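A structural walkthrough
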Amino acid sequence: MLFDALTLQLGYNATLVALGSALLGISAGVTGTFLFLRKRALVADAISHATLPGVGLAFIVMVSLGGDGRNLAGLMLGSAVSAWAGLLAVQAITRRTRLAEDAAIGAVLSVFFGAGVVLLTVIQNMSSGRQAGLDGLLLGSTAGMLFQDAMIIAGGGAITLALVLLLRRAMTVVAFDAEYARSIGINTDRIDMLTMLLVMAVTVVGLKIVGLILIVALLIIPPVTARFWTERSELVAAYAGAIGGVSGYVGAAISASAPSLPTGPIIVLTCFALFIVSLFFAPERGVLAAYLRHRRFQRRVHIRQGLLALAQDLPVYEPLTIRLLASEGLARRDGVPTEAGRARAAKALRDEHRWHVVHSLPDYEAVSSLYDGLRDIETVLTADQIAEIDTHIGGPKGVPA
Amino acid sequence: MTHLELAADHGHRVAKERLDASPLAIRGLTVSYGEKPAVFSVDATIEDGSMTAIIGPNGAGKSTLLKAALGVIKPLSGTVTVHGKPLESARGRIAYVPQRASIDWDFPARVIDVVLMGLYRELGMIARVTGAHRRKALDCLERVGMGDFAHRQIGQLSGGQQQRVFLARALAQDADLYLLDEPFAGVDAATEKAIIDVLKALKAQGRTVVAVHHDLATITDYFDHVFLINVRKVAEGPVATTFTAETLQKAYGGRLATAQIEDLELGAG
Amino acid sequence: MSGEEFVPLSLVPILIGTFTAIACALPGNFLVLRKQALIGDAISHVVLPGIVVAFLVTGTLGTWPMMIGAGLAAIVAVILIEAIRRLGRIETGAAMGVVFTSMFAAGVLLLERSDTSTVHLDVEHALMGNLESLIWLDADGWASLLDPVALEGLPPELSRIFLTMLGVAAFLWLFWRPLKISTFDESFAEGLGIRTGALGMALVIVSAIAAVAAFDAVGSIIVIAMFICPPAAARLMTDRLEAQIAWSVGFATLSAVLGYVLAGYGPLWLGGDNAVSAAGMIATLSGCILALAVLFGPKRSRIGAPTEG
């Protein structure tokens, strides 16, 4: 079943949904990247919740004009208008008052959502049964997706993507250093506004498939995941697009392969699975890599400290240090150094003295700043330089055997 | 300098009695942000009743040393004792003055509320604040010359005034050991004078003061001991013997021009 | 309006709404000051998966399984957010976004997959609540307040949320001083020996408990409004923490009472014949209060502290 779904053989509707979701995932991932780099990921949460009253109002207006309240284009327009109002409200609160952006986001998303809920009950009252299409916008509903809906989603996604590509350079500069961006004549307010507009566009496009509560996930998780794999911003955007696209496509396919697997949540969870894999196993920034690095580092610190203490006949205070020295064969369990330990200790102390000389010689200032207690002096100085430094110390006579 | 002298300079084989007498003794302290140690294997034995300046170049780990000594940040290794006892059992004897810049000064509190925070260990979680507590807080404010500002919103204060309020809060703790993180950073001359007068009065009462300090020109006026650090300890001891051109050169390297050193009022060396 | 109508139909929902609003607004003050307002957002999203898992494990929707399930979900969420933030070196907002959306999605999925037809649990209810349904059928007027038989029939949600409110207030009263100090100056608090990490976690758990108790009545998303709007508006009224708490309680109460009345009777005044969502209206009203505070609050602007001096 899943294979059939992945190869688009589960029928017309499933194919429409899979392709639409993939495209939505790509544009959400790429757009979300710039929000993430600007450290404003959760503004998306305010924007998406703020769409609800617009949806309700659009429905009421369309019905009162005698049309079909569930027209997707009309609902999208209404949601865009109220999301825009929500965005302006967030901005007004953070600029005009002492409240921080997090409070502004939380206030706007909950109040707008509350107002939206009020409007939904109004709709329920004015024409029972006809609001069925609206509940689907909360969590997405792909069951009755029309070709026309799919075209709107595809068109909206493609336009958003094109605009992001056009603006990517300016958005990157602003995200990295807004003050510098202003100094070179970029209107950062305008760029921020455009970024938010694009986020809003993605949200509106995604309403049908994943719904307004979960669209945030598609804007945030792909860039966060992509960040684990690269240090370059344009690649973050590209990877985020790929991750979003794959999540959308695979998630939609999984959802189509069995009953009671709602599309929106499955897409989000697929995306989350990719995130978890990246969090743990990404080669540089992943947790596993970082943990191994930290263990290695801690080991180096303790061994170095232990050796310096041994060299000076000082007691070693920490059990962990002694354990590590013992495991390297440098000391016995009771803290008495072995032959090899003595030699390494003498070398460590000697290097430490060399560093001290380096610190006091103005010629070596650049080298001096590299000191971190761990670096082997041979890695930063030539043999000749070390020999010269040793003349300042006066030979190895004093090193304890 | 011979090798053995250098070794002795490092090691400071300190007798247990001296460790027990010290209001703050640090052994083998290493703190690291990420992969580069900010403080590496530092031993420090603060003299009881001294006024000690922690000095060293930018990024040398001065504030980090102070915070790790207090357990505010977790070290990678090392032990801290206060009069020979573990830090936790001696909290009540230590007052800490953090950097002013680390605070959101828009917090809804008045000056007196901040000073009353210094009475936390005395008050505990739920005891009521009485008139006596308020008088004590006001008295501490008077001592830093801020008695008239007790009911101001803290956000309305200037930088120097904020620093004095922080000092008043520490005074309210009535501690034996005062740890200050750059108390003179970005304050006006009047505040600097007010702060140093208070610190000297504390010393006169037999308390110990340790401050991260930037201005080498005032060391000899303000302090009697120095602790020089540049990731590792460079030297510690009385200003007269330790605050020398040689130790400064070692701590600051080429970053401190010889001419600058010559301008300083240095110890004998 | 007469007692015969008001007491059975409106009194209990108004009380529940008010207690809910206060229970959420109290810890909300600290969340807003700690710039953790969105923790409230995250918590109220993860209440759903917590409750669903509790239901799947115990097979019932009792008070305790729900509380424990949602409380655990909140703890898991906060630990995950912290872990992702630190381990992945990702800013808090993004880490939150990853965690609560994923957990919410998992909750929706579990709900769809499990048979909850026997109990009153669906996504819409979780999001919007149903304050209006909490009526007191046994009452027939003000006299019922003194009638033990009628009091027996009070909806259990009322005592639940009332006790929660008392519990939250007790927590704040007990930990007032350490909370205030560690919110203002974390490193100083640590220097005093206050365990700021544990205290922060306790605040989150208390908020989660408030959110769970509130969830049943007003729905999870509108809980956020009560966490944030009354404290945020109160923040713009005063420069003293004690006064801010008082203002926030006042605003919370005002939103709840007025919101319920407007939702229940507003449409009738406007010529409609059906009430609108009370929970939604309470959130909307709290937003209106915040908007007024943003425009006219006496302490609305940031104080620009000069650095030199």
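In this report, we go over the structure that sits alongside the text. Everything numeric in this text was worked out from a predicted model, so none of it was measured. (Residues numbered from 1 in each chain as written. Chains lettered and ligands numbered in written order. Predicted model: local features only at pLDDT ≥ 70, side-chain atom pairs only at ≥ 80, totals over all residues. Heavy atoms only, no water.)

Where empty space is left can be seen by rolling a probe of water-molecule size over the atoms. As a volume, the largest pocket reaches approximately 1,900 Å³. Lining the largest pocket we find 48 residues, and of these C:Glu82, C:Ala83, C:Arg85, C:Arg86 and C:Glu186 sit closest to its centre. Of all elements in the fold, only α13 (287-311) of chain A, β1 (24-33) of chain B together with α3 (63-87), α4 (92-113), α7 (156-184), α8 (186-191) and α9 (196-218) of chain C reach the threshold of two or more residues within the lining of the largest pocket. The leading source of residues in the lining of the largest pocket is α3(C), at eight residues. (1 Å grid on protein atoms, 1.4 Å probe; cavity = no way out; pocket = protein on both sides within 12 Å on 5 of 7 lines; lining within 4 Å. Points joined across faces, edges and corners; volume = space filled by probe spheres on them. Helix = DSSP H or I, 4+ residues; strand = E, 2+ residues; numbered from the N terminus.)

This next bit is on unusual backbone geometry. Of note, the phi angle at A:Lys39 is positive, near 60 degrees, even though the residue is not glycine. For A:Lys39, the position within the fold is in the loop between α2 (12-37) and α3 (43-49). Taking relative accessible area as the criterion, A:Lys39 reaches 55% and is therefore assigned exposed. The phi angle at C:Arg89 is positive, at roughly 50 degrees, despite the residue not being glycine. With respect to the helices, strands and loops of the structure, C:Arg89 is situated in the loop between α3 and α4. (Buried < 20%, exposed > 50% of the residue type's maximum accessible area, 1.4 Å probe, protein only.)

Time to look at a nonpolar patch on the surface. Residues and elements named next belong to chain A. On the surface, a cluster of nonpolar side chains totalling about 580 Å² of accessible area is made up of Val277, Phe280, Phe281, Leu288, Tyr291 and Leu292. Of all the secondary-structure elements, those providing two or more residues to the nonpolar patch are α12 (263-281) and α13. Mapped onto the fold, Leu292 is located in helix α13. (Patch = residues over 30% accessible without salt bridge, like charges linked within 9 Å, V, L, I, M, F, W, Y side chains within 5 Å. Areas by Shrake-Rupley, 256 points an atom, 1.4 Å probe, with all protein chains shown as cover. Salt bridge = Lys/Arg side-chain N within 4 Å of Asp/Glu carboxyl O.)

Turning our eyes to something else, we now look at the nonpolar core. Among the nonpolar cores identified, the biggest contains 261 residues, and A:Phe275, B:Ile55, B:Leu199 and C:Leu290 are the most heavily contacted of them. When residues of this core are assigned to their parent elements, the largest contribution, 22 residues, is made by helix α10 (residues 188-227) of chain A. For B:Ile55, the residues in contact, after removing those within four places along its chain, are B:Lys62, B:His213, B:Leu216, B:Ile219, B:Val226, B:Phe227, B:Leu228, B:Ile229, B:Phe243, B:Leu248 and B:Tyr252. (Core = buried A, V, L, I, M, F, W, Y, C linked by side-chain atoms within 4.5 Å. Contact = heavy atoms within 4.5 Å.)

A sheet is described by the order of its strands in space; here four strands give the open sequence β2-β1-β4-β5 (chain B), paired in antiparallel fashion. Whereas interior strands pair on both sides, the edge strands pair on one side only; in this sheet they are β2 (36-46) and β5 (85-86) of chain B. As paired strands, β1(B) and strand β4 (residues 77-82) of chain B are joined by four bridges and run antiparallel to one another. The residue of β4(B) that forms the bridge with B:Ile26 is B:Val80. Each of β1, β2 and β4 of chain B touches α13(A); the most contacted strand, β2(B), lies at about 35 degrees to it. (Pairing = 2+ DSSP bridges. Axes fitted to C-alpha atoms, helices over the stretch in contact; angles between N-to-C directions.)

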